[in-house]
Amino acid sequence: MSGDKEDFVPLIPGRVNMYVCGITAYDVCHLGHARSAVVFDIIKRYLRYRGFEVRHARNITDIDDKIIARAAKENISTEEVARKYTAEYYRDMELLGVSRADIEPNATDHIAEMIQTIQGLIAKGFAYPVDGDVYFEVSKFTGYGKLSKKNPADLLSGARVDVDERKKSPLDFALWKASKEGEPFWESPWGKGRPGWHIECTSMSSKYFGDSFDIHGGGADLIFPHHENEIAQSEAFSGRPFVKYWMHNGFITVDREKMSKSLGNFFTIKDILDKYEPEVVRYFLLTAHYRSPIEFSDVQLNEAEMSIDRYYTTVMRINDYIETAGDREKAVPSSELEEMLTSFKDKFHHAMNDDFNTAQALGYIFELIREVNRFLDAKPSGQKAKGLVVQTRDLLAEVGGVLNIFNKTAREWYSSLMKVKKIALSESDLQEKINERQRARENKDWAAADNVRNALAEKGIILEDKKDGTAWKIRVG
RNA sequence: GGCGACGUACCCAAGUGGCUAAGGGGGAGGUCUGCAAAACCUUUAUUCAGCGGUUCGAAUCCGCUCGUCGCCUCCA
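Residues numbered from 1 in each chain as written. Chains lettered and ligands numbered in written order. Predicted model: local features only at pLDDT ≥ 70, side-chain atom pairs only at ≥ 80, totals over all residues. Heavy atoms only, no water.

Topic: the environment of Glu458
For clarity, the threshold we go by: Helix and strand assignments follow DSSP, with helices taken as H or I runs no shorter than four residues and strands as E runs no shorter than two, numbered in order from the N terminus. The buried label applies to any residue whose accessible area, calculated with a 1.4 Å probe on protein chains only, is under 20% of its type's maximum; exposed applies above 50%, and partly exposed to all values in between.
Turning to its location among the elements, Glu458 is positioned in helix α16 (residues 446–459). By relative accessible area, which is 74% here, Glu458 ends up exposed.

Encoded structure:
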């Protein structure tokens, strides 16, 4: 609310109630929806990792004008539209490693609660019915605009507020809308109708979390009017502060412009996942701070792919080392690695404690990756060295787990890349080629060996010769 | 018009009062290798849009200018 970073102190020590605006289920999701979901998924995971008991609610709006329009267009019911796109949403989210929320309320399951809230608002003088609609009277709520830092007078003078003669003020917004002929409706004290958009979050958050809760999140475009209106409704109704910490993620941009449905410059999650591994997309979303805009481009996705590949390449190297390292103690300089292992978690926590600075956290991860590679370059052996390397691997896996990246085996990563890059070669055929090349190499027939390697390279497969065999990777970037 | 955010190397991107301005990608040179690949090393911002100011000290705070974007209408 202050617009600044603040120390996080939950209302109840050790517990966090977090409500995040989900989607309106009227179309397939684009990358912007993914960002919001991934950002708050990571916030939840990190808070849990640090020992908070987090209850996470994420709503689905399953009735609204756009759903009605979509249903008319597809000639199916609004329920079917909502069901279809909710299913698509969950499918996309699962691929991106976004966990399910603990509470996933639908608007249409909470009509009774919303009617109750609206009745309460009317009783307290904050709302008025007109011809089957009910409006919230903004002028009755002092503090309107405190989140979006707008003042009502400025808003009034703006020409972009819709004018409706029946409303007392253009700023007043609908809590309940009378249904038109043929539209879905619910019975209410004001006649047949359906809820306005903002009221569901007020009624559902208070049902599950009470009048006040810790974190409310969503995309920055929800700040006004959606979240501003939620505050007005909720605080007018309960008389208590609504949300302690507001968190809003920045936009995805394309050519520096906001990716959005209305501009038509959006990429659906589905389209992107046809070209990129889901982990790449997730990683990409973590490379910038969640509040900053992030430019979507193939260059950026390719860089993300390369970064992840650097991780898996190192993991492969670590695992090879652990399997093959001798027991003979051979000390090599290890103080820098040891130092880094000691301080690593503190650094990671420090980055994440600072408003979930995933970009900085990734920086630390790659510092550790470089350090362990340096250590392995020195060709150490013995139990102590092995212990340090195992510790590094476990640490990387642990923080990767918090971000829900780096959670595959190297083999799974490359298999997955092979599919997404549509390389038409089975892994067994590939192994056969590698064996063929190995025989040539044993005969020092370098020309034949290079032929095999070049042929595979053309398909996007890269070979790495090591002392005890040849590994394959998929070219990235 | 009102409100807000941002401008860090060739590209992306952390850093918001004080140690050498993280990290990734790219370029150049090198070590290793049958040759590669990977990895590592050296190098690539005496400087943080520009100009003023505050301060012992600023990329970081303040003011102005320029530029970009967002919200003010459904929108993640």
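Describing the sheet that holds strand β8 (residues 243–249)
The line we're drawing: The rule for pairing is simple: two strands pair if DSSP sees at least two bridges between them. Every axis in this analysis is a line fitted to C-alpha atoms, fitted for helices over the stretch in contact. Angles between the N-to-C directions lie between 0 and 180 degrees. Every residue pair with non-hydrogen atoms within 4.5 Å of one another is taken to be in contact.
The four strands are arranged β2-β1-β7-β8 in an open sheet whose pairing can be described as parallel. Sheet topology places β2 (53–61) and β8 at the edges, where each strand pairs with a single neighbour. Averaged over neighbouring strand pairs, the angle between their axes works out to 20° when direction is ignored. Inspection of the sheet shows strand β1 (residues 15–24) paired to strand β7 (residues 213–219) by three bridges, in the parallel sense. For Val20, the partnering residue across the bridge sits in β7 and is Gly217. The strands touched by helix α1 (residues 31–49) within the sheet are β1, β2, β7 and β8, with β1 carrying the most contacts at an inclination of about 165°.

Some words on the packing of helix α15 (residues 427–442) against α16
What counts is decided by this rule: Small angles under 35 degrees read as roughly parallel and large ones over 145 as roughly antiparallel, with 65 to 115 read as roughly perpendicular and the rest as oblique. In this scheme the handedness of a crossing depends on how the near helix is turned from the far one: anticlockwise by less than a right angle means left-handed, clockwise means right-handed. In this count, Pro and Cys sit with the nonpolar residues alongside Ala, Val, Leu, Ile, Met, Phe, Trp and Tyr, while Asp, Glu, Lys and Arg are called charged and the others, Gly among them, polar.
Two numbers describe how α15 lies on α16: the axes approach to 7 Å, and their chain directions differ by 160°. Here α15 lies roughly antiparallel to α16, going by the angle between them. In the packing of α15 onto α16, the handedness of the crossing is left-handed. Side by side, α15 and α16 meet where Leu430, Lys433, Glu436, Arg437, Ala440 and Arg441 of the first sit next to Trp446, Ala448, Ala449, Val452, Arg453 and Leu456 of the second. Among the residues making up the contact of α15 with α16, the classes are represented as seven nonpolar, no polar and five charged.

Section: the side chain of Asn265
Counting through the fold element by element, Asn265 comes out in the loop between β10 (257–258) and α8 (269–275). The exposure class assigned to Asn265 is buried, which follows from its relative accessible area of 15%.

Focus on the pairing of β8
Put simply, the rule reads: Clockwise travel from the first strand over the helix to the second, with the strands pointing away from the viewer, marks a crossover as right-handed.
Counting buried residues in β8 gives six out of seven residues, a clear majority hidden from the surface. Summarising the sheet, β7 and β8 pair through six bridges and their orientation is parallel. Paired with His216 across the two strands is Trp246, which belongs to β8. Handedness of the crossover is the feature at issue here: the chain leaves β7, passes through helix α7 (residues 223–238), returns alongside β8, and the resulting connection is right-handed.

A closer look at the side chain of Ser381
Definition in use: Here a polar contact is taken to be a pair of N or O atoms separated by no more than 3.5 Å, where protein atoms must pair a possible hydrogen donor with a possible acceptor and residues adjacent in sequence count only if both atoms sit in side chains.
Mapped onto the fold, Ser381 is located in the loop between α12 (358–377) and α13 (383–403). At 2.5 Å, the side chain of Ser381 forms a polar contact with the backbone oxygen of Arg328. Discounting residues that sit within four places of it in the chain, Ser381 has contacts with Tyr321, Gly326, Arg328, Glu329 and Lys330.

Focus: the pattern of salt bridges
Which entries qualify depends on this criterion: One side-chain nitrogen of Lys or Arg within 4 Å of one carboxyl oxygen of Asp or Glu is enough to make a salt bridge.
Applying the stated criterion to the full structure yields 46 salt bridges. The partner of Lys5 in a salt bridge is Asp354, and the shortest N-O contact between them spans 2.8 Å. With Lys5 in the segment before β1 and Asp354 in the loop between α11 (335–353) and α12, this pair connects stretches of sequence that are 349 residues apart. Taking relative accessible area as the criterion, Lys5 reaches 54% and is therefore assigned exposed. For Asp354, a relative accessible area of 28% translates into the label partly exposed. As a salt-bridge pair, Arg166 and Asp131 come within 3.6 Å of each other at their nearest N and O atoms. Of this pair, Arg166 sits in the loop between α5 (152–157) and β5 (173–178) while Asp131 sits in the loop between β3 (127–130) and β4 (133–136), and the two are 35 residues apart along the sequence. In this structure Arg166 comes out as partly exposed when scored by relative accessible area, which is 34%. When salt bridges with common partners are traced through the structure, they connect Asp27, Arg70, Glu74, Lys84 and Lys261 into a single cluster.

Topic: α12
Side chains that are three or four residues apart share a direction in an α-helix, a result of its 3.6 residues per turn. To keep things clear, this is the line we draw: How far a helix is expected to stretch is found by multiplying one less than its residue total by 1.5 Å.
Look at α12: 29 Å from first C-alpha to last across 20 residues, which is about the 28 Å you get at 1.5 Å a residue. Looking one or two residues past α12, Lys379 carries a phi angle of roughly 55°, positive in sign.

A look at the packing of aromatic side chains
Two aromatic rings, taken as a pair, are described by how far apart their centres are and by the angle between their planes. Rules: Centres within 6.5 Å are what make two rings of Phe, Tyr or Trp a pair, Trp counting through its six-membered ring; a difference in plane orientation under 30 degrees is then read as stacked, over 60 as edge-to-face, and the rest as tilted.
Counted by the stated rule, this structure contains 24 aromatic pairs. Measuring from ring centre to ring centre gives 6.2 Å for Phe126 and Phe136, while their planes differ by 10°; the resulting arrangement is stacked. Remark: Phe136 occurs in strand β4 and Phe126 occurs in the loop between α4 (111–123) and β3; sequence separation between them is ten residues. The same class applies to Phe126 and to Phe136, which are both buried. Ring geometry for Phe267 and Phe296: centres 4.7 Å apart, planes at 45°, overall tilted.

Some points on the domain arrangement of chain A
Applied cut-off: Boundaries between domains were set according to an automatic or database domain assignment. In short, buried area is how much 1.4 Å probe accessible area vanishes from two parts on joining, totalled over both.
With domains assigned, chain A is organised as domain 1 (15–122 + 195–275), domain 2 (298–407) and domain 3 (414–474). A separation of 36 Å is found between the C-alpha centroids of domain 1 and domain 2. Each side of the interface is counted separately: domain 1 has ten residues, and domain 2 has 14 residues. Surface buried jointly by domain 1 and domain 2 totals about 1,100 Å² across both partners, of which 62% is contributed by carbon and sulfur atoms. On the domain 1 side of the contact with domain 2, Ile42, Tyr46 and Tyr49 bury the most area, a combined 52% of that side's loss.

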